[in-house]
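Spelled out from the first residue to the last, the chains are:
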Amino acid sequence: MHRHFEEELSELKQKLLSMGSLVERSLHQSIKALIERDAQMGLKVFDDEEPINRLQIEIDDRAMRLLALQQPMAGDLRLIASVVKINNDLERIGDQCVNITQRVLSLMHQTPISPLIDMPRMAAAAEKMLHDALDAFVNRNADLARTVLESDDTVDHLRDDIFQELVKYMSAHPEGVQAALDLLLISRNIERIADHATNIAEDAIFVVAGRDVRHHMEETSKEK
Amino acid sequence: MKNRLFIKILLTYLALIFVLLGVLDFYLTRDVEKRQTDQIAKGLEERAELLALDIQPDVPLGETQRKVLAAHVPANARITWIEPHGVVLEDTNANPAEMENHAARPEFIEALQGRVGRSIRFSHTLHINFLYVAIPLESDGRIFGALRLAYPLSDLQQQIQVIRRRIWISSLLAFLLAALIGYLLSRSLASRIDALRKFSESIASGNFQQHITLRGHDELNVLAQSLNSTADQLYTLFQSLDAERAKLSTILDNTSEGVLVLDRDKNIVLTNRIFNALFNRRFPTAVGKPWFEVIRHAELQAFIDKTFESQSSATTSLALHDTPERFFQVTLVPVGKKEGRSALWIAVFYDTTELERLERVRKDFIANVSHEMRTPLATIQGYAETLAEGAVNDLERRGDFLERIRLQAERLGKLTGDLLTLSTIEAGKYPFKKSLQDLNRIITDAVIAVDGVARPSAVTVRYQPTVSSLPVECDPDAIHQVLLNLLDNAVKFSRPGGRIEIELRKIDRAVQVAVVDHGIGIPSTDLPRLGERFYRVDKARSRELGGTGLGLAIVKHIVEAHEGKLNIESHLGEGSRFSFTLPVAEH
């Protein structure tokens, strides 16, 4: 019976990581479509949406079944709860990738704003955050997860810089407003992705340390 | 551990001593008692025989006789004359008239039958054991009574008590001695056993490079010796295993392919350095983990799943989401088939990034050449057709059309010339005429030559020679071409009124020439592809400025043909630095 539970838990983790791989690929492809103005690459992102959604439902089902039938305790319970939350975050990242791709396809019809300013850097940072957050979860490494939390600020700063630059660009080039707006939306999408990656990192810490670090709970509890 | 052994030894000694003591006590006291009793009985018997001589039947003893009798018996002994019916006739200690009949006493019955009777009984009157010896009194073959001597055995019992006490005391001493010896023995035994235990534990933990030496020459030493030789054998065995493993892992780590071995449950059994660099950069080892924890790559996961299902080897190509992107050909092979399932799967990752790049360069090249040629050809064709259709008679515009055709033909000529130069250099067939040249002079010439291009946009080129002459072994025309191309590029990148500097630096046995501009700069994503033929950062702008898209490619090839290296650094909006090295001529 217990062995069965272990197997099911391992399968659940495997499904989640498959989902993670798919979402990582989606993110990579949507960014690549943006940087290389590659519509073909963008279409691949749309192809991944369906399997990601299916996996999300399957993971939720499996997690609920485990919770209901096995009534896991302590560490296992934390793990399953985190899987459910990470699953949700991953699906949302997938949605953001689709949004980015839609903007990218819209950008294709406009004269390129050259160069893309800090967009590739910001995208690379978000990609790394997602990758590291999943790595931290898989390897139960709270230190790595904390570096993800820290890099969220970098992404936020980059977004602010991009915002400033694009506003300046729009006032100087009224004909490029549509393209600049698309880029602005993309930078927001990337920022959201970074936020979801941060959530995943927080869940990773929760699994390892059993501590809730959301909304800076860790710092306030330290002060007490 | 030590104490337990000591207690065991002590208890054994104690038990031994107690058993010995019991046996000793039992036999010794009984023996002593019997011997002594016999001796006393014999003495009493002899006395009785002597006394019996004086006794006549039916003659009561006189006063003197009584005194003689009393004098002849040992102290505490009592003499009793009993007539055949058990009536006491004489007694040295009591009045015979008051004494009960003695007919039932066993020694008396014995004596009446003509034998010496003996008995030990407890006297209730005196509370001590008495030894009774009775002899028959005979006269002319007729037994007329018995003479009985009684002797208290209190002395004997005292003697036995003394013996017993001695036995106990000496046993106690023996016990104390045994305890001491046992303690010392157990201590040395325990310490030696402890040494053996520690030694075997350290062998178990993998430390084979030590030996144990024990005091003494007993079985423990034999054990120690065999442990030593076991350690030696294990050490050599492990050494050779280690060497073998090190050899294998060195080979594995230094192959250019990534290697991953999975077991039948897709758990990771082995990885090499290249694989770890691809998938497991951050954590010490991937071995023992389930595959899905390490390989988080959608295509690769799907590939592995499918191949495991089919149970036969397969190959796929995939891209790794890295910056820059890398391409791999992955082959997954099952090995050691058992019961229809393979025990192990070996995946080999072959890096095809360079192949992919070359393939792309080749495709791009063909597309670019066609594209570059099509535009001027279309122009030429267009104007030629216009002329043919009658414009040849339009004196006013004829010259303009012809000039355009000439310009485009010239551009085509330049393009084909550049391509030819490039391919001959690439093929290693370009006739470089290398000789000892002064680099200073070549640079100065190039600066003068580029002046015509720089002047219209008010760009200034600055070069201040730091040394009077700098001998370099090179083809002066080729290096002139390199400098011209770089300076031409720098002028194109510069903003009007900009500044270009040429820097000269000596690095080890090479001299580095750098052309530095403060223009618009190049995006970092474009830098790696700059040396490719027809690669343009800003396609529209470059063609407008009359470039063929081959300039940097030619520069790169000439520099490499001179055993030098082209290096490009650039910051967007701040400018670029194109530098190349040339080996300094030996003096």
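Residues numbered from 1 in each chain as written. Chains lettered and ligands numbered in written order. Predicted model: local features only at pLDDT ≥ 70, side-chain atom pairs only at ≥ 80, totals over all residues. Heavy atoms only, no water.

Colleague: Any chance you could explain the overall build of chain B here in plain terms?
Modeller: Along its length, chain B carries 14 helices and 17 strands. Counting only residues that meet the buried cut, chain B has 38% of its 587 residues in that class. Partitioning the contacts of chain B with sequence separation of at least 6, the portion at a separation of at least 24 is 58%. Carbon and sulfur atoms form 56% of the exposed surface of chain B, whose accessible area is close to 34100 Å². (Helix = DSSP H or I, 4+ residues; strand = E, 2+ residues; numbered from the N terminus. Buried < 20%, exposed > 50% of the residue type's maximum accessible area, 1.4 Å probe, protein only. Contact = heavy atoms within 4.5 Å. Areas by Shrake-Rupley, 256 points an atom, 1.4 Å probe, with all protein chains shown as cover.)

Colleague: Hey, could you run me through the confidence of the model for chain B in this one?
Modeller: Predicted coordinates in areas of low pLDDT are best not read in detail. Residues and elements named next belong to chain B. Within chain B, residue pLDDT values average 82, and 95% of them lie at 70 or more. Within chain B, strand S6 (residues 258–263) carries the highest mean pLDDT (89), whereas helix H13 (residues 539–544) carries the lowest (58). Interface confidence for the predicted complex, given as ipTM, is 0.79, next to a pTM of 0.57. (pLDDT = per-residue confidence, 0-100.)

Colleague: Sorry if this is basic, but what is going on with the environment of Lys-556 of chain B here?
Modeller: Residues and elements named next belong to chain B. Considering the arrangement of structural elements, one finds Lys-556 in helix H14 (residues 551–561). Along the chain, Lys-556 and Gly-531 lie 25 residues apart, while their C-alpha atoms are 6.5 Å from each other. If we skip the residues at most four places from it in the chain, Lys-556 touches Gly-531 and Leu-566.

Colleague: Honestly, a nonpolar patch on the surface in this entry has me stumped. Any pointers?
Modeller: A cluster of nonpolar side chains, contributed by Val-19, Val-23, Phe-26 and Tyr-27 of chain B, occupies part of the molecular surface with about 430 Å² of accessible area. Inspection of the secondary structure assignment puts Val-19 of chain B in helix H1 (residues 2–53). (Patch = residues over 30% accessible without salt bridge, like charges linked within 9 Å, V, L, I, M, F, W, Y side chains within 5 Å. Salt bridge = Lys/Arg side-chain N within 4 Å of Asp/Glu carboxyl O.)

Colleague: It is not clear to me how the interface of chain A and chain B should be interpreted in this structure. Could you clarify?
Modeller: Many descriptions give the size of an interface as the accessible area lost when the pieces come together. Each side of the interface is counted separately: chain A has 22 residues, and chain B has 15 residues. Together, the buried faces of chain A and chain B total about 1800 Å²; carbon and sulfur atoms form 52% of this surface. On the chain A side of the interface with chain B, the three residues burying the most area are Arg-25, His-28 and Asn-139 of chain A, jointly 27% of the side's total. At the surface where chain A touches chain B, the tally comes to four salt bridges. (Buried area = accessible area lost by both parts, 1.4 Å probe.)

Colleague: Would you explain the sheet that holds strand S4 (residues 128–139) of chain B in this entry?
Modeller: Whenever strands of a sheet pair, they do so through backbone hydrogen bonds, lying parallel or antiparallel. All names here are of chain B. Ordered by their spatial adjacency, five strands build an open sheet running S2-S1-S5-S4-S3, and the pairing between neighbours is antiparallel. Two strands lie at the open edges of the sheet, namely strand S2 (88–91) and strand S3 (117–123), each paired on one side alone. Taken over all neighbouring pairs, the strand axes of this sheet differ in orientation by 25 degrees on average, direction set aside. Summarising the sheet, S3 and S4 pair through seven bridges and their orientation is antiparallel. (Pairing = 2+ DSSP bridges. Axes fitted to C-alpha atoms, helices over the stretch in contact; angles between N-to-C directions.)

Colleague: So what exactly am I meant to see when it comes to the pairing of strand S16 (residues 566–571) of chain B here?
Modeller: Each regular strand displays side chains that alternate between the two surfaces of the sheet. Residues and elements named next belong to chain B. Burial of the side chains of S16 is restricted to one face: Leu-566, Ile-568 and Ser-570 are buried, whereas none of Asn-567, Glu-569 and His-571 on the reverse face is. Summarising the sheet, S16 and strand S17 (residues 575–583) pair through six bridges and their orientation is antiparallel. Bridge pairing links Asn-567 to Ser-579 in S17. Hairpin connection from S16 to S17: three residues lie between these consecutive antiparallel strands, with Gly-573 at a positive phi of about 85 degrees.

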